[in-house]
Amino acid sequence: MKEQQWFEEMEARIPVGEVRTRFAPSPTGYMHVGNLRTALYTYLIAKHADGKFILRIEDTDQTRLVEGATDLIYKTMKECGLDHDEGPDVGGPVGPYIQTERRGLYKEYADLLIEKGHAYRCFCNKEEEAEESEEGTFQKEADPCRALSKEESDRRAESGEPYIIRQRIPDSGVTTFCDEIFGEIKVDNSELDDQVLIKRDGLPTYNFANVIDDHLMGITHVVRGNEYLASAPKYNLLYEGFGWDIPKYIHCSPVMRDQHNKMSKRHGDPSYEDLKNEGYLTEAILNYVALLGWSPSGDQAEQEIFSLDELVKVFVVKGISKSPAIFDIDKLKHFNAEYIRAMSPEQFTEIAEPYIRQGIQGRDLNVAEIAALLQQRTEVLNEIPEKLGFFVDLQDYDTELFVHKKSKSNKETSLQILNDILPEFEKLEDWTEENILETMKQLVEKMECKNALVMWPVRIAAAGQMVTPGGAVEICKILGKEETVRRIRIGIEKLKQEQ
């Protein structure tokens, strides 16, 4: 074990006098919604208090690591604007920030805990103790190693006999801890197992590394899922065993798929990356995720739309609910639509262009004009291509589409209107929306009818479908004069055949 001076030097490195939070994901795949919420809340707590937000990679479980997952964490955090002040890629005063690069620290602190009488070496065979389970049903009274003298334990360790290190939970008494959401919780020590701290391979368990790293990094607020509430008493006993200050705990209730099931990737529930690929905007995802289990108060109590900067200003821990939050994809669509509609036309055209080009399949059409049709009619970007098929190809359609009660349109009036509008369109030289509209208005005046009676058959002939993004004028303008005229002729022929 290191000399006392080494431990004192480690303590001297710890930043003090500021709020410090950490997001500590494991690089095991895509970031699911619950993880993103933890990252967001952790960031907001730090930034609301002008503190530091730290990114730490917890890779002690080597069996679950996924190649490329760490880069995906960086990418997701950057896209979401959750910029960390310290971390593996930016450094900081208490690095390294990857757990396997801190491997040498944990054994030193485990040995210190043995010296203080709050941990012990266990030499029992691996199969008997199921050491890989971090939350096992180990019975401390059945373990002979718990009663070994220090001399005997030291002798066996020095002889090279393999061992793990377990936390020595008091035989009796009660451990009390306070959570910022759930309040004060008391647990009988008799209900706590002597959890594994250091495994046979020398790596720490999550529960031990978590405490050591949080302390040495000066973490003041620990945000995690409430599945860790059961471990909190053991964390407290570790802090007390070392004589360290205990951070504030914020255990968040889960994000649920429905009333009975947590969200789960294996059940097809979307990760952040999935939602992005499905056409949801990062800002909308982040805004919605913030409200999954948290509510603003005061003047903002009824507000739904928040930028990240606004969330930093209004976010307070007391707004986090004890109750689980249910992920509602329709609600997320609502948020996404609100963000799309709030964009400038230029912003929307930029993000929609890849989807528009996919939809028009190489046709030389004006992307900005199509975007203008779509912006107020789009909830999710992935919907765009399927809305644009009629621009590419006029599918065969039923002439019943020309019949529309509200517009007072029928097949006879439609045939008349298409016959009348065709020559007017053919002689129109400057194919602009203004001129197209004016041409149709002139026909309305001539027929002494309402606009809809003319607009309806022209739109049906131009698009060949009931529902379209945009009306007759916009669609005709985008299609161009030649294609519009061609489609109107087709409409005329269809209606003639039914006479």
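Not measured: the values here are computed from a predicted model.

Undergrad: So what's going on with the sheet that holds strand 7 (residues 196–198)? Which residues, and what values?
TA: Here 3 strands make up an open sheet; going across it, the order is 3-4-7 and the pairing antiparallel. Because the sheet does not close on itself, it has two edges, and the strands there are strand 3 (119–122) and strand 7. Direction aside, the axes of adjacent strands within the sheet are offset by 40° on average. Relative to strand 7, strand 4 (residues 164–167) is paired through 2 bridges, and the arrangement is antiparallel. Looking across to strand 7, one finds that R166 is bridged to V196. Here helix 4 (residues 103–115) sits on the sheet and contacts strand 3, strand 4 and strand 7; the angle it forms with strand 3, its principal contact strand, is near 110°.

Undergrad: A description of helix 1 (residues 4–13) should follow, citing residues and the corresponding values.
TA: Burial in helix 1 covers these residues: W6, F7 and M10. Angularly, the buried residues of helix 1 cover 100° about the axis, an arc narrow enough to put them on a single face. Counted as exposed and oriented over 90 degrees from the buried face of helix 1: Q5 and A12. Those residues of helix 1 hidden inside the fold are in contact with helix 4 and helix 7 (206–216).

Undergrad: Run through the layout of surface pockets, naming residues and quoting values.
TA: A probe as big as a water molecule, rolled over the atoms, marks out the empty space that is left. Put simply, the largest pocket is a space of about 1400 Å³. Every element with two or more residues in the lining of the largest pocket is listed here: strand 1 (20–23), helix 2 (33–48), helix 7 and strand 8 (221–225). Here the lining of the largest pocket takes 5 residues from helix 2, the largest share from any one element. Across the lining of the largest pocket, the residue classes tally to 16 nonpolar, 15 polar and 14 charged. Reported here for the second largest pocket is a volume of approximately 290 Å³. Residue composition of the lining of the second largest pocket, by class: 7 nonpolar, 4 polar and 5 charged.

Undergrad: Outline the environment of K262, supporting the account with residue identities and numerical values.
TA: With respect to the helices and strands, K262 occurs in the loop between strand 10 (255–256) and helix 9 (272–277). Classification of K262 as partly exposed rests on a relative accessible area of 45%. Linking K262 and P324, residues 62 residues apart in sequence, is a C-alpha distance of 9.1 Å. In this view, K262 contacts E227, P254, V255, M256, R257 and D269; residues no more than four positions away in its chain are not counted.

Undergrad: Outline the packing of helix 7 against helix 8 (residues 232–242), supporting the account with residue identities and numerical values.
TA: Two elements in contact, helix 7 and helix 8, have axes separated by 10 Å at closest approach and are oriented at 50°. When the axes of helix 7 and helix 8 are compared, the pair comes out oblique. For helix 7 against helix 8, the interelement crossing comes out right-handed. Only Y235, L238, Y239 and F242 of helix 8 make contact with helix 7, whose side of the interface consists of Y206, N207, F208, V211, I212, D214 and H215. Residue composition of the contact of helix 7 with helix 8, by class: 8 nonpolar, 2 polar and 1 charged.

Conventions used here
- Residues numbered from 1 in each chain as written.
- Predicted model: local features only at pLDDT ≥ 70, side-chain atom pairs only at ≥ 80, totals over all residues.
- Heavy atoms only, no water.
- Pairing = 2+ DSSP bridges.
- Helix = DSSP H or I, 4+ residues; strand = E, 2+ residues; numbered from the N terminus.
- Axes fitted to C-alpha atoms, helices over the stretch in contact; angles between N-to-C directions.
- Contact = heavy atoms within 4.5 Å.
- Buried < 20%, exposed > 50% of the residue type's maximum accessible area, 1.4 Å probe, protein only.
- Arc of directions from axis to C-beta.
- 1 Å grid on protein atoms, 1.4 Å probe; cavity = no way out; pocket = protein on both sides within 12 Å on 5 of 7 lines; lining within 4 Å.
- Points joined across faces, edges and corners; volume = space filled by probe spheres on them.
- Nonpolar A, V, L, I, M, F, W, Y, C, P; charged D, E, K, R; others polar.
- Parallel < 35°, antiparallel > 145°, perpendicular 65-115°, else oblique.
- Left-handed = near helix turned anticlockwise from the far one by under 90°.

These figures come from the coordinates and say nothing about function on their own.
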